[in-house]
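Descriptive analysis of the structure
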Amino acid sequence: MIVVLKDNPDQKQLDNLVSWLKSMGLDIHFSKGETATIMGLIGDTSTVDIDLINSLDIVDTVKRVQEPYKNVNRKFHPEDTVVEITDDVKIGGGNFQVIAGPCSVESEEQVCLVAREVKKAGAGLYRGGAFKPRTSPYAFQGMRDEGIKLLLEAKEQSGMPIVTEVMDISHLPLFENVDVIQVGARNMQNFELLKELGRIDKPILLKRGLSSTLQELLMSAEYIMAGGNERVILCERGIRTFETATRNTLDLSAVPLLKTMTHLPVIVDPSHATGISGLVKPMAMAATAAGADGLMIEVHNDPSSALCDGAQSLTPEAFADVMRSIEQIRPYAYRG
Ligand code: PEP
Ligand code: MN
């Protein structure tokens, strides 16, 4: 349920309303926008008397919210959320960011070289997998804690904030100096992990599950926000369909649709969505045009020798070319 307040509501009446709602076991989420203040009521509102609330002097309108996601719902928070990663690096609400880097951290030389290259081309954040979710237990599993150390070295050298994936709650202490924690597609519905990430004070990049609906993605974001962590970024990275010509099928309509459903920033990963390096540029351009708040792109200094996802990785030169094309498209991007 949302309660839209009139301008400058009487503070005493507002306090009374809030304590009455809280006494019914509801949580209240305030959103003060430029035009109105909205109270989002979270919990079981089935016994709340909507007419009674509507009759109060301080209340403009009351509406029931049908969707099961509340904190992430745009109805609760009409303005775009801007996720602050550092003072200079923000995403959402007109702030566009490109996250680039190798699929996995392989060596100090590789991770520092690619960081220099993507920074030069204009990336705002650096990515690299230390813990890798691989289909085969015999495939390279990532450099794990050593990989995080190397990423922190690249962060130190390049000045870029870093993004890396967590696969297990018990690894979280290793992520203390990581700027953005990624939840990969395979863990999108690891609810215990999501609850734990709701309790920490770091931005979370939540990737859409391989066969998840948008509502399921939003419910996973709701887990994080319900715990008190409001810095969530969503990522469309392709879904499983009957098509096998591409690794996944990029659901670009998810971008403008998600942005009507939620106030959270939405980025697109054309690398995992297609699995083919030659498709990364057109899909990065299309995602930008569709109104994405950013992109995540895999870049490797020598894709043919990459330990993971070489076929979808761009060389630093190809990445710089994509960045130039994106800059040209951004002024024409769909804004709703
Ligand atoms: C990744 O970004 O490294 C990754 C494994 O992606 P996804 O979880 O989308 O497959
Ligand atoms: Mn990858």
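Scroll up a little and you will see the structure.
In this report, the structure presented in the accompanying data block is examined. (Residues numbered from 1 in each chain as written. Chains lettered and ligands numbered in written order. Predicted model: local features only at pLDDT ≥ 70, side-chain atom pairs only at ≥ 80, totals over all residues. Heavy atoms only, no water.)

**Quick notes on the overall build of the protein**
For the protein, the count of helices and strands is 10 helices and 14 strands. Taken over the C-alpha trace, the protein has a radius of gyration of 21 Å; the compact-globule value for 336 residues is 20 Å, and the two agree within 12%. With respect to the principal axes defined by its C-alpha atoms, the protein has extents near 70 × 45 × 40 Å. In the protein, the share of contacts with a sequence separation of at least 24, taken over all contacts with a separation of at least 6, comes to 68%. For the protein, the computed accessible surface area is about 15,000 Å², with 49% contributed by carbon and sulfur atoms. Here the protein carries 34 positive and 45 negative side-chain charges, and the mean point of each set is 2 Å from the other. (Helix = DSSP H or I, 4+ residues; strand = E, 2+ residues; numbered from the N terminus. Rg over C-alpha atoms; globule rule 2.2 N^0.38 Å. Contact = heavy atoms within 4.5 Å. Areas by Shrake-Rupley, 256 points an atom, 1.4 Å probe, with all protein chains shown as cover. Lys, Arg positive; Asp, Glu negative; His and termini not counted. Charge placed at Lys NZ, Arg CZ, Asp CG, Glu CD.)

**Describing the nonpolar core**
Taken as a class, soluble globular proteins show a tendency for nonpolar side chains to be buried jointly. Counting 63 residues, the largest nonpolar core has Y126, L206, L234 and F319 as its most contacted members. Broken down by element, the residue count for this core peaks at six residues, all from helix α6 (residues 214-226). V18, L41, I58 and V62 belong to the second largest nonpolar core, which has 16 residues in total. (Core = buried A, V, L, I, M, F, W, Y, C linked by side-chain atoms within 4.5 Å. Buried < 20%, exposed > 50% of the residue type's maximum accessible area, 1.4 Å probe, protein only.)

**Considering the layout of surface pockets**
Volume-wise, the largest pocket comes out at about 400 Å³. Around the largest pocket, the lining is made up of 19 residues, and of these K259, G291, D293, Y334 and R335 lie nearest the centre. Taken together, 25 residues make up the lining of the second largest pocket; nearest its centre are K132, P133, R186, H272 and D309. Of all the elements in the fold, those that place two or more residues in the lining of the second largest pocket are β9 (162-165) and β14 (294-298). Residue contributions to the lining of the second largest pocket peak at three residues, all from β9. (1 Å grid on protein atoms, 1.4 Å probe; cavity = no way out; pocket = protein on both sides within 12 Å on 5 of 7 lines; lining within 4 Å. Points joined across faces, edges and corners; volume = space filled by probe spheres on them.)

**Some remarks on helix α5 (residues 191-198)**
Along α5, the positions that sit buried rather than exposed are L193, L194, L197 and G198. Projected onto a plane normal to the axis of α5, the buried residues spread over an arc of 145 degrees and lie on a single side. Buried residues belonging to α5 abut β10 (180-183), β11 (204-207) and α6. (Arc of directions from axis to C-beta.)

**Description of the sheet that holds strand β12 (residues 232-236)**
Strand order in the closed barrel formed by eight strands is β7-β8-β9-β10-β11-β12-β13-β14, and the pairing between neighbours is parallel. Pairs of neighbouring strands in the sheet enclose a mean axial angle of 25 degrees, with direction left out of account. Here β10 pairs with β11 via three bridges, running parallel. Within the sheet, the bridge partner assigned to I181 lies in β11 and is I204. Strand contacts of helix α4 (residues 144-158): β8 (125-127) and β9, with the helix running at about 165 degrees to β9, the strand carrying the most contacts. The sheet contacts of helix α7 (residues 254-261) involve β12 and β13 (266-268), and relative to β13 the element is tilted by about 165 degrees. (Pairing = 2+ DSSP bridges. Axes fitted to C-alpha atoms, helices over the stretch in contact; angles between N-to-C directions.)

**Some words on the state of the cysteines**
Applying the stated criterion across every chain, the model contains zero disulfides. Of all cysteine sulfurs in the structure, the one in C103 sits closest to C308, which takes part in no disulfide; the separation is 3.1 Å. (Disulfide = S-S within 2.5 Å.)

**Digging into unusual backbone geometry**
The phi dihedral of R144 falls on the positive side, at around 55 degrees, and the residue is not glycine. Counting through the fold element by element, R144 comes out in helix α4. With a phi close to 60 degrees, D309 is a non-glycine residue in the positive phi region. By the element assignment, D309 lies in the loop between β14 and α10 (316-329).

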